[in-house]
Amino acid sequence: MTYDCVIIGAGQAGLCLASFLTKKNITVLILERDERIGDVWRRRPDSMRLFTPRAMDQLPGLIMAGDQKGYPDKHEVADYLESYAQHNNLHVLLNKNVYSVEYNDKIYSIKTQDGETFQAKCLVNATGANQKVNVLDISRDIPAEIQQMTIDQYQNPKQLSSKNIAIIGDGASGRQAAKELAETHNVTLFCGSPRPFTPQELFGINTLVLFKKMTILNSDSRNIIGRWLRKRNFIPCNNITNKILKKKGVRLYSKFTSVDGKKLISDRGENCEPHIVIWSLGYKEDTDWLTIPDSSNSDGFICQVGHDVGGKTPYPDLFIVGRKWLSCRASELIYGCVKDAQRVANFVEMALKNK
Ligand SMILES: Cc1cc2nc3c(=O)[nH]c(=O)nc-3n(C[C@H](O)[C@H](O)[C@H](O)COP(=O)(O)OP(=O)(O)OC[C@H]3O[C@@H](n4cnc5c(N)ncnc54)[C@H](O)[C@@H]3O)c2cc1C
């Protein structure tokens with residue numbers, strides 16, 4: 001069977017798009033590599049709570065149960081996505097890890113690791129913007145007796161039996177891990193260039209809700225506000241400021257730049273001798289599986305951005321959802337993927353009409 005559309009990835013972006021396509025009577029299949037929908041969230045640290053309130057963590061047609069101003073934990077989001085797929089009767093095949101794609105005679109052949117091939121007239125990449133953690137080349141200079149891991153492998157302090165921890169990267173995830181590890185471990189946090197924080201709430205209202213009301217969150221990636229927001233790169237830090245971290249006993253060092261024996265050294269000469277290094281320098285896409293020519297480059301997947309064309313790629317029937325800044329700051333968020341999915345559903349519909 002040749003599907004009208006195959007979507008790779010059953011995260012919020014892929015599921016939301018599938019529900020829009022189904023309503024347009026387009027035959028759609030989602031291929032998901034995990035065992036369960038929502039496992040991306042289940043693997044995140046145990047203590048994780050979203051920085052967006054429930055009212056902003058739901059997709060059209062299904063309310064997330066609980067206080068709409070409160071912040072859900074990772075299991076609530078994971079289970080919500082699973083029930084969203086059931087609620088909309090979406091066709092999702094689990095344990096299907098896509099590893100290559102071919103494009104011949106305007107048909108995509110999508111191969112999975114277990115040897116199956118699926119065919120589609122349109123293909124949508126919904127594999128997410130946060131698949132791999134950035135690790136610097138200098139990691140190779142760190143001696144083997146120091147354990148290295150990435151922040152997506154970190155679950156809770158009990159997992160780390162050695163005491164001295166260095167976390168490299170002071171974004172939201174690095175700060176959260178530093179705060180909770182400081183209760184039981186000696187923690188050094190290597191920080192990047194200072195970035196502004198988004199406080200959790202202003203005047204008792206979640207800051208992102210305020211930004212949404214002020215339409216800042218939806219400012220087009222290409223206009224002056226969008227470009228300013230992107231440049232400022234605010235950290236939604238759940239109020240974990242430097243002051244709070246210092247109070248907890250976390251040593252805040254400047255940028256990690258060199259290794260001398262077992263010592264990790266900052267650009268200001270501060271040093272520590274950790275047993276474990278946790279890399280937390282932000283996330284990036286995994287482009288390995290999209291093996292058709294000119295679909296990705298060193299910046300990741302090639303696509304257009306903005307509220308009118310965001311999601312189009314160099315191929316007339318290949319699209320992307322769930323990409324950071326696809327149309328605006330909100331694109332990366334649960335709340336923001338909806339508009340992008342709606343637009344891309346229209347693109348898919350048009351592409352099928354033109355076939
Ligand atoms: C630590 C962290 C905290 C966050 N907190 C919030 C928050 O509080 N509020 C908010 O709105 N947003 C938050 N986000 C941002 C965003 O909502 C999440 O990153 C979300 O998971 C993105 O959804 P997605 O559907 O785009 O991608 P994902 O959730 O990553 O889904 C992609 C899916 O594709 C599958 N996949 C990948 N590759 C393949 C392949 N080759 N074959 C088959 N399947 C594949 C994956 O298994 C996954 O299920 C957070 C992000 C991170 C990293």
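Residues numbered from 1 in each chain as written. Predicted model: local features only at pLDDT ≥ 70, side-chain atom pairs only at ≥ 80, totals over all residues.

Close contacts around the ligand come from 32 residues, with Gly9, Gly11, Leu50, Gly128 and Gly322 the closest. Put simply, the parts of the chain that give the shell around the ligand at least two residues each are helix H1 (12-23) and helix H8 (334-353). Here the element with the most residues in the shell around the ligand is H1; it accounts for three residues. Class assignment for the residues of the shell around the ligand results in 14 nonpolar, 12 polar and six charged. (Near = placed C-beta within 6 Å. Helix = DSSP H or I, 4+ residues; strand = E, 2+ residues; numbered from the N terminus. Nonpolar A, V, L, I, M, F, W, Y, C, P; charged D, E, K, R; others polar.)

The strand order E8-E19-E9-E10-E15 describes an open sheet built from five strands, whose pairing is parallel. Only two strands of the sheet have a single neighbouring strand rather than two, namely strand E8 (147-150) and strand E15 (251-253). Neighbour-to-neighbour, the strand axes of the sheet open up by a mean angle of 20°, direction not taken into account. When strand E9 (residues 164-168) meets strand E19 (residues 276-279), the two strands line up parallel, connected through four bridges. By the bridge assignment, Ile168 is partnered in E19 with Trp279. (Pairing = 2+ DSSP bridges. Axes fitted to C-alpha atoms, helices over the stretch in contact; angles between N-to-C directions.)

As paired strands, strand E4 (residues 98-104) and strand E5 (residues 107-112) are joined by six bridges and run antiparallel to one another. Counted as the bridge partner of Val98 is Thr112 from E5. What sits between the antiparallel neighbours E4 and E5 is a turn of two residues, in which Asp105 has the positive phi angle 50°.

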